Amino acid sequence: DYKYAQELLNNGVKKYGSHAELHVRLAEAQYQSGLRIKALQEEDKALKLNPNHVATLLMKAARLTYSKNFVESEEYFSRIFSIDPHHPKARAMEAVKYHFHRETALADESRKMALQVWPTSPYVDFWIGSMLGRMLLLDEAIPFLQAAYVFDPNLIEAKAELALVHLRSGNEETGWQLMEEVRQQDPYNILAFNYADLREFMAEMKVIETPHFIIRL
């Protein structure tokens, strides 16, 4: 409930005063609620209080990477790496940038640096695959998400993201099967629950198939 989160965080600022962590969490809740301008303002407040606040720098770098503003994102990556050269999530995001530009060797190097802190972490591949998938680099995303899930079968988020990537790719049989497995593993998973409803709704539609498209009415 991001609206409730905003209420709590605003109360926190009133009670405890401005703190970079409170402002960046408020920005996160606002982004999730579609309040982009307010979120940007909260990011700026956080960095004014603490120019080296890594969580805020990371949020800015992620936002710019998703929007493919790679040149502008470099400032924030550089600031993060000056504080922590091996920051796992930042290096994973850097790998995504290189994948987008088809610079595989540099992407591999960023991934290796991300894994130096925790060599057995499944999250590095999950972060890379998830971001690639959301940027619609679907074929590139699949191996990373598969690797993350195979390494840690309890990482439900990786399996759910893998299901979404397959569905977006048109691999419906695999995507629906994976999403159902997520629902079986975690009956309270909201994404899997919503997609189960969507599948039932789609099953009632009329389907028209062409050599290039599947149209549901």
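What counts and how
- Residues numbered from 1 in each chain as written.
- Predicted model: local features only at pLDDT ≥ 70, side-chain atom pairs only at ≥ 80, totals over all residues.
- Heavy atoms only, no water.
- Helix = DSSP H or I, 4+ residues; strand = E, 2+ residues; numbered from the N terminus.
- Expected span 1.5 Å × (residues − 1).
- Buried < 20%, exposed > 50% of the residue type's maximum accessible area, 1.4 Å probe, protein only.
- Contact = heavy atoms within 4.5 Å.
- Core = buried A, V, L, I, M, F, W, Y, C linked by side-chain atoms within 4.5 Å.
- Salt bridge = Lys/Arg side-chain N within 4 Å of Asp/Glu carboxyl O.
- Patch = residues over 30% accessible without salt bridge, like charges linked within 9 Å, V, L, I, M, F, W, Y side chains within 5 Å.
- Areas by Shrake-Rupley, 256 points an atom, 1.4 Å probe, with all protein chains shown as cover.
- Axes fitted to C-alpha atoms, helices over the stretch in contact; angles between N-to-C directions.
- Parallel < 35°, antiparallel > 145°, perpendicular 65-115°, else oblique.
- Nonpolar A, V, L, I, M, F, W, Y, C, P; charged D, E, K, R; others polar.

1. Points about helix 6 (residues 88-100)
Every α-helix winds through 3.6 residues per turn, so residues three or four apart in the chain are directed the same way.
Part 1 of the reasoning: When the terminal C-alpha atoms of helix 6 are compared, their 19 Å separation across 13 residues agrees well with the 18 Å that a helix rising 1.5 Å per residue should span.
Part 2 of the reasoning: When you tally the buried positions in helix 6, you get 10 out of 13 residues, the bulk of the element.
Part 3 of the reasoning: Summarising the contacts, the buried residues of helix 6 are in contact with helix 4 (54-66), helix 5 (70-83), helix 7 (104-115), helix 8 (123-134) and helix 9 (138-151).
Part 4 of the reasoning: In the segment just after helix 6, Arg102 is the residue with positive phi, at about 60 degrees.

2. Description of the nonpolar core
Part 1 of the reasoning: The biggest cluster of nonpolar side chains holds 45 residues, and the ones touching the most others in it are Ile80, Met93, Ile128 and Leu132.
Part 2 of the reasoning: Every element with two or more residues in this core is listed here: helix 4, helix 5, helix 6, helix 7, helix 8, helix 9, helix 10 (156-169) and helix 11 (172-185).
Part 3 of the reasoning: With sequence-adjacent residues up to four places away left out, Ile80 is seen in contact with Val54, Leu57, Leu58, His87 and Ala90.

3. Notes on the environment of Ala158
Part 1 of the reasoning: Mapped onto the secondary structure, Ala158 falls in helix 10.
Part 2 of the reasoning: By relative accessible area, which is 0% here, Ala158 ends up buried.
Part 3 of the reasoning: A sequence separation of 61 residues divides Ala158 from Lys97, and the C-alpha atoms of the two residues are 20 Å apart.
Part 4 of the reasoning: Sequence-distant contacts of Ala158, that is, excluding residues within four places in its chain, are made with Phe126, Leu145, Ala148 and Tyr149.

4. Points about the pattern of salt bridges
Part 1 of the reasoning: Per the counting criterion, the structure on display carries 15 salt bridges.
Part 2 of the reasoning: A salt bridge links Glu21 to Arg25; its shortest N-O distance comes to 2.8 Å. In this pair, Glu21 and Arg25 are both assigned in helix 2 (residues 20-32), 4 residues apart and thus about one turn of the helix distant.
Part 3 of the reasoning: Judged by its relative accessible area of 30%, Glu21 is partly exposed.
Part 4 of the reasoning: For Arg63, the salt bridge identified is with Glu43, shortest N-O distance 3.2 Å. Placement of the pair is Arg63 in helix 4 and Glu43 in helix 3 (residues 36-49), with a sequence separation of 20 residues.
Part 5 of the reasoning: Classification of Arg63 as buried rests on a relative accessible area of 19%.
Part 6 of the reasoning: Residues joined by salt bridges that share partners form a network here, namely Glu43, Asp44, Lys60 and Arg63.

5. Details of unusual backbone geometry
Part 1 of the reasoning: Even without being a glycine, Lys68 presents a positive backbone phi close to 65 degrees.
Part 2 of the reasoning: Looking at where Lys68 falls in the secondary structure, it is placed in the loop between helix 4 and helix 5.
Part 3 of the reasoning: With phi around 65 degrees, Leu136 is a residue other than glycine that occupies positive phi space.
Part 4 of the reasoning: Structurally, Leu136 is set in the loop between helix 8 and helix 9.
Part 5 of the reasoning: Exposure remark for Leu136: the relative accessible area of 60% places this residue in the exposed category.

6. Here we look at helix 8
Part 1 of the reasoning: A rise of 1.5 Å per residue sets the reference length of helix 8, with its 12 residues, at 16 Å; its end C-alpha atoms lie 16 Å apart and thus fit the reference within 8%.
Part 2 of the reasoning: Taken across its 12 residues, helix 8 has 9 buried, putting it largely inside the fold.
Part 3 of the reasoning: The set of residues buried in helix 8 consists of Val124, Asp125, Phe126, Ile128, Gly129, Ser130, Met131, Leu132 and Gly133.
Part 4 of the reasoning: At the C-terminal side of helix 8, Leu136 shows a positive phi close to 65 degrees.

7. Quick look at a nonpolar patch on the surface
Part 1 of the reasoning: Nonpolar side chains collect at one region of the surface, where Ile208, Phe213, Ile215 and Leu217 lie side by side and expose about 400 Å² of accessible area between them.
Part 2 of the reasoning: Relative to the helices and strands, Ile215 is located in strand 2 (residues 214-216).

8. Some words on the packing of helix 6 against helix 7
Part 1 of the reasoning: The contact between helix 6 and helix 7 brings their axes to 8 Å, and the two run at 170 degrees. By the angle between their axes, helix 6 is roughly antiparallel relative to helix 7. Contact residues: helix 6 offers Pro88, Arg91, Ala92, Glu94, Ala95, Tyr98 and His99, while helix 7 offers Leu106, Ala107, Ser110, Arg111, Met113 and Ala114.
Part 2 of the reasoning: Across the contact of helix 6 with helix 7, the residue classes break down as 8 nonpolar, 2 polar and 3 charged.

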